[in-house]
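# Geometric and topological summary
Here is what each chain is made of, one letter per residue.
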Amino acid sequence: MGVIGVGHMGTFHARTLARLPGVEVAAVHDVDATAADRVGALVGAEVRVSADDLLADAGLDGVVVASADEAHAAATLAAIERGIPVLCEKPLAATVADARRVVDAEAAVGRRLVQVGFMREYDVAHARLRAALEGLGPIDHVRAVHRNTNPSPRPVEVIAVQSIVHDVHTVRFVTGAEMQSVHASAAGAVGGSYRHILVVCRLSDGAHATIEFDDGGFAYDVGVEVLARRGDAVLAGPAQPVVRQAGALHVHVGDDWFERFAGAYAAQDLAWIESIRTGMPTGPTAWDGHAAQVAVAGVIESLASGATVDVDPGDPPALHR
Ligand code: ISE
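Conventions and cut-offs
- Residues numbered from 1 in each chain as written.
- Predicted model: local features only at pLDDT ≥ 70, side-chain atom pairs only at ≥ 80, totals over all residues.
- Heavy atoms only, no water.
- Pairing = 2+ DSSP bridges.
- Helix = DSSP H or I, 4+ residues; strand = E, 2+ residues; numbered from the N terminus.
- Contact = heavy atoms within 4.5 Å.
- Axes fitted to C-alpha atoms, helices over the stretch in contact; angles between N-to-C directions.
- 1 Å grid on protein atoms, 1.4 Å probe; cavity = no way out; pocket = protein on both sides within 12 Å on 5 of 7 lines; lining within 4 Å.
- Points joined across faces, edges and corners; volume = space filled by probe spheres on them.
- Nonpolar A, V, L, I, M, F, W, Y, C, P; charged D, E, K, R; others polar.
- Buried < 20%, exposed > 50% of the residue type's maximum accessible area, 1.4 Å probe, protein only.
- Core = buried A, V, L, I, M, F, W, Y, C linked by side-chain atoms within 4.5 Å.

Ordered in space as β3-β2-β1-β4-β5-β6, the six strands form an open sheet in which the pairing is parallel. At either end of the open sheet lies a strand with only one pairing partner, and these are β3 (46–47) and β6 (114–116). Strand direction decides the pairing type here: strand β5 (residues 86–88) and β6, joined by three bridges, are parallel. In the strand pairing of β6, V86 is matched with V114. Contacts from helix α8 (residues 257–278) reach β4 (63–65), β5 and β6 within the one sheet, and its direction differs from that of β5 by about 155 degrees.

Below is the structure:
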């Protein structure tokens, strides 16, 4: 395996993959040579001077792209060109046009090569929520709540591309419906930006979804509630003890997504390796990455204009239908 970009996420992937039986992290690259050297030494990988140099390695069976968001599409396209399976961290690209380029390149090859790192699909609580919806009938409303601990303030465009993209994917994979329109507004002014973003969405099947994102920084947590015709389902968080102490009940929540989603990331990486071994791709597709990007661009446009924005990703190519 190769890993392109060994910051926070790339280091995590490199270490996770290196621990899997039968998997070798053979090569890493980062624009920061010191980081590349450090992670290369950590997992016993060679350090490559560029993404292209790494991808030119004839022995690679797969590559993780975990570089800066703006570099995702180019590295993923280069991997597709060489027929190398890619696990691309979210977002698939920094722009809708680049995300579409990836979808089209994969469709041109005619084989699924791209998995996008929407790891919540591999979270046990999310998977059980989705399973619990069977028998509850048509969905009318999904409420996705995201309490985040990124260093604030971040520009709202960055929040949308880096964080809200996950919630968009949650809404899509929980409902199986496509986003049709979004209306976004921001509150909680801080340092020239905002910490709170509310997105009201209309889905292709007529349902509503709301995304409540907050960069408050006090605790990390993700919640999902689904209201359907014959019942509702609420995401249970990771099993945590309820502790009675000093006259109060305490539940540990954690303060970053690694803690909340450690199991999901590990399951995602394992599933990706298995899909390479079996030649049967699973998991979030390039189309999912593209559709989420279109919705995120709509959120950004709505934040700027105050208007409701239609967000039609178009028709998926046959490969993704
Ligand atoms: C971060 O990049 C992630 O991927 C986390 O899952 C998400 O919760 C957080 O908001 C992002 O900034």
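If you add up the space inside the largest pocket, you get close to 440 Å³. Along the walls of the largest pocket sit 22 residues, with M9, D69, K90, Q162 and W257 positioned nearest its centre. Looking at the lining of the largest pocket, the elements with two or more residues in it are α1 (8–19), α4 (69–81), α7 (156–175) and α8. Tallied by class, the residues present in the lining of the largest pocket amount to seven nonpolar, 11 polar and four charged. A volume near 270 Å³ is recorded for the second largest pocket. Considering the residues around the second largest pocket, the lining is formed by 18 residues, among which D123, V124, A125, P238 and R260 are closest to the centre.

Strand direction decides the pairing type here: strand β8 (residues 179–190) and strand β9 (residues 193–203), joined by 10 bridges, are antiparallel. Counterpart to S181 in the pairing with β9 is R202. Between the end of β8 and the start of β9, which pair antiparallel, lie two residues, with G191 showing a positive phi angle near 50 degrees. One ladder, built from two bridges, connects β8 with strand β15 (residues 309–310); its direction is antiparallel.

Following the sequence through the fold, R154 ends up in the loop between β7 (139–147) and α7. Among all residues touching R154, those that are not within four sequence positions of it are N148, I159, Q162, S163, S193, Y194, F213 and D215.

For the rest of this paragraph, the subject is the environment of T149. With respect to the helices and strands, T149 occurs in the loop between β7 and α7. Of the residues examined, T149 reaches a relative accessible area of 18% and is grouped as buried. Residues T149 and D255, 106 residues apart in the sequence, show an inter-C-alpha distance of 6.4 Å. Discounting residues that sit within four places of it in the chain, T149 has contacts with D215, G217, F218, A219, Y220, D255 and D256.

This brings us to the nonpolar core. The biggest cluster of nonpolar side chains holds 68 residues, and the ones touching the most others in it are M179 and I211. It is α7 that provides the largest number of residues to this core, a total of 10 residues. One finds V3, A35, A264 and W272 within the second-largest nonpolar core, a separate group that totals 28 residues.

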